[in-house]
Every structure is written in structure tokens, then in C-alpha cells.
Amino acid sequence: MGFKERYERTLAEAAACCTAAGRDPRDVRVVAVSKTVDANAVAAAIAAGAHDFGENRPDSLAEKRARFPQETWHFIGNVQSRRIPDIVRDATLVHSLYQERHVAKFDAAAAAAGRVQDVLLEVNVSGEASKSGLAPEDVAEMLALCESYPHVRVRGLMTMAPQGDAARARACFADLARLRDDLRRDLDADRAAVFNELSMGMSEDWHEAIAEGATIVRIGRALFDDAFEGPAHA
Ligand SMILES: *Cc1c(COP(=O)(O)O)cnc(C)c1O
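Thresholds applied
Residues numbered from 1 in each chain as written. Predicted model: local features only at pLDDT ≥ 70, side-chain atom pairs only at ≥ 80, totals over all residues. Heavy atoms only, no water. Buried < 20%, exposed > 50% of the residue type's maximum accessible area, 1.4 Å probe, protein only. Helix = DSSP H or I, 4+ residues; strand = E, 2+ residues; numbered from the N terminus. Pairing = 2+ DSSP bridges. Polar contact = N/O pair within 3.5 Å; in protein donor to acceptor, adjacent residues only side chain to side chain. Contact = heavy atoms within 4.5 Å. Near = heavy atom within 4 Å. Areas by Shrake-Rupley, 256 points an atom, 1.4 Å probe, with all protein chains shown as cover. Nonpolar A, V, L, I, M, F, W, Y, C, P; charged D, E, K, R; others polar. UniProt positions renumbered as here; feature names shortened; annotations may be inferred. Core = buried A, V, L, I, M, F, W, Y, C linked by side-chain atoms within 4.5 Å. Salt bridge = Lys/Arg side-chain N within 4 Å of Asp/Glu carboxyl O. Patch = residues over 30% accessible without salt bridge, like charges linked within 9 Å, V, L, I, M, F, W, Y side chains within 5 Å. Lys, Arg positive; Asp, Glu negative; His and termini not counted. Charge placed at Lys NZ, Arg CZ, Asp CG, Glu CD.

**What to know about the pairing of strand β8 (residues 216–219)**
Then, in step 1: Every second residue of β8 is oriented toward a common face, with Ile216 and Arg218 on one face and Val217 and Ile219 on the other, all of them buried.
Then, in step 2: Strand direction decides the pairing type here: strand β1 (residues 29–33) and β8, joined by four bridges, are parallel. If you follow valine 30 over to β8, its bridge partner there is valine 217.

In C-alpha cells:
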């Protein structure tokens, strides 16, 4: 099976998950995480109909976006201060903002580029030490901080669930959805209208994520890797 078959099957399954959850399939965007593949594989993915790609390193983001500027590029990696201007140049949506000290830097870089940077706040819902992100109780304060910067616009929340346990992953996704809903309640209507994204779910757990309200799933191996077997429970 090639990318095209895997992609089409994934879109069909995602639509079925939406329907089962009483959701509109148009409310979920599949981001193809291309961080492990080369530009030829991205070209094949585009030919198969994919238009959203995720990268976790500024250099490969820059290279691939320069080659395919018409596609939508997502930055999903760890943010390093000195690379913020590069990330702003190339990323439509940054999924992984969580450090307070980076907010002013994103604002300045976006102002210099003459645009507003859309971002998601990364939340460490599971509390695992190996994961980065804000503690859930710190997200409201971070959101308030971002509000004071006119060139940074927080579109929602992102998380990575613990791997290998579908039930735990699902609980994590439910917690993130609840947190977004709680935060939205305190925003005025204009702000609430743009603070609606939930980036959650990867190759092994995106079905659970859609069931819990994901609006963006980030899928790498299940799309690009021939050898990916799928989660044990599938
Ligand atoms: C690599 C990566 C993904 C995709 O992971 P797969 O398990 O290959 O689907 C999603 N999100 C982030 C933040 C990643 O780094």
C-alpha cells in the first residue's frame, strides 16, 4: 500500500469516527507529519491530495516549505528561542508554544513579518516528566499573557498522550477538551470564536482523539511508513 491508499483510508476512517461521535467530518483536519520523509515523499503526498504538513525542525520546515510554498505548514517541534523568526517565516500554525519567555519573541518576529502568528498552547495533560508543555493549571495565565501581544493569536490547545494505552490516551484527550471548554467560557465572544482548536492524536491514538473532539490530528507513521502496523487495539 502506498501513501495514497493509506491517506484515503485514513480520511475515510476519520470521517467514520466523526459520524460515530456525532461530529461533522469537515471539523477535523489531518496533518501529515512529514518529519521523517524527504521532499519526494511530500510531493507524492501532495499528488495524493494532502495539503497540511507537520515538521518538528526549523531547517527541514524551511526546506520543504521553500519547495512547496502553496501547502500549509505546521510547526510541531520543540521551540528554540533563536529559531523563532525562522519558525514564524515558515509556519502557518505553531502547535508547541508553552514557554512564557517565547511569547514576546513570537510577537516581535510576527510584527516584523507583518503578520499575526497563530499558535496552540502545548499542555502536558498526563504530567509525564518526559513530556513538555504547560501544567493544566497554568494554561489560563499563559493565555492571558498571550492576549496582551497583538501579533500572537492563540487558536487552541495541543497535547501528546502517553503511548501504548488507549484508555489512558483517551482520558488525556477528554481532559484537554474539558480544559479548552472551561477556558472558552471566560473569553468574550470574538476571542472564543477563534480559540477552538484541539490538536491531539497521532498514529496510534487518533481515533480516540477524534472521539474526544480533536479538530487536528497529527499523523506520521500511519501515513508515511509502510511498516507501521497500527495500534494493537485496532
Ligand atoms: C512525530 C510527531 C507526530 C507524529 O507521530 P506518529 O506517531 O508518527 O504519527 C505527531 N506530533 C508530534 C508533536 C510529533 O513530534
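**Brief notes about the side chain of aspartate 118**
Then, in step 1: Within the fold, aspartate 118 resides in strand β5 (residues 117–122).
Then, in step 2: Here aspartate 118 falls in the buried class, since its relative accessible area comes to 13%.
Then, in step 3: Here arginine 153 takes part through its side chain, which lies 2.7 Å from a polar atom of the side chain of aspartate 118.
Then, in step 4: For aspartate 118, the side chain forms a polar contact with the side chain of arginine 155, separated by 3.3 Å.
Then, in step 5: With near-sequence residues (within four places) excluded, aspartate 118 lies in contact with Thr92, Leu93, Val94, Arg153 and Arg155.

**Quick look at the site of the ligand**
Then, in step 1: The full set of residues close to the ligand is Val33, Lys35, Ile76, Met158, Met160, Met202, Ser203, Arg218, Ile219, Gly220 and Arg221.
Then, in step 2: Here serine 203 contributes a side-chain N or O atom positioned 2.5 Å from an oxygen atom of the ligand.
Then, in step 3: Computed on the free molecule, the ligand has an accessible area of 390 Å², of which 91% lies beneath the protein chains in the complex.
Then, in step 4: Taken together, the residues of the shell around the ligand break down into six nonpolar, two polar and three charged.

**Considerations on the UniProt feature "domain: Alanine racemase N-terminal" (unreviewed entry) in the chain**
Then, in step 1: Summarizing the sequence annotation, UniProt attributes the feature "domain: Alanine racemase N-terminal" (unreviewed entry) to residues 27–224 in the numbering used throughout.
Then, in step 2: Secondary structure content for residues 27–224 is 42% helix and 19% strand, and the end C-alpha separation is 23 Å.

**A closer look at the nonpolar core**
Then, in step 1: One finds Phe53, Phe106, Leu121 and Leu157 to be the most contacted residues of the largest nonpolar core, which totals 66 residues.
Then, in step 2: Among the elements that take part in this core, helix α7 (residues 166–185) stands out by supplying seven residues, more than any other.
Then, in step 3: If near-sequence neighbours (up to four positions away) are discounted, leucine 157 is found in contact with Leu120, Leu121, Val123, Val139, Leu176, Leu179, Arg180, Leu183, Phe195, Glu197, Leu198 and Ser199.
Then, in step 4: Grouped together as the second largest cluster of nonpolar side chains are five residues, Val31, Leu120, Met158 and Ile216 included.

**Some thoughts on the pattern of salt bridges**
Then, in step 1: Enumeration according to the criterion identifies 21 salt bridges in this entry.
Then, in step 2: For lysine 64, the salt bridge is made with glutamate 55, and the minimal N-O distance between the two is 2.8 Å.
Then, in step 3: Two residues, aspartate 90 and arginine 89, come together in a salt bridge whose shortest N-O distance is 2.9 Å.
Then, in step 4: Here aspartate 90 falls in the buried class, since its relative accessible area comes to 6%.

**A word on the UniProt feature "modified residue: N6-(pyridoxal phosphate)lysine" (unreviewed entry) in the chain**
Then, in step 1: Mapped onto this structure's residue numbering, the UniProt feature "modified residue: N6-(pyridoxal phosphate)lysine" (unreviewed entry) falls at Lys35.
Then, in step 2: By relative accessible area, lysine 35 is classed as partly exposed at 43%.
Then, in step 3: Not counting the four nearest positions on each side in its chain, lysine 35 is found in contact with Gly54, Glu55, Asn56 and Lys64.

**Some words on the side chain of aspartate 90**
Then, in step 1: Looking at the element boundaries, aspartate 90 is found in helix α4 (residues 84–90).
Then, in step 2: Among the polar contacts listed, one links the side chain of aspartate 90 to the side chain of arginine 65, at a separation of 3.0 Å.
Then, in step 3: Beyond its immediate chain neighbours, meaning those up to four positions away, aspartate 90 contacts Leu61, Ala62, Arg65 and Trp73.

**Focus: a negative patch on the surface**
Then, in step 1: Together, Glu100, Glu137, Asp138 and Glu141 give the surface a local cluster of negative charge.
Then, in step 2: In this fold, aspartate 138 is placed in the loop between β5 and α6 (139–147).

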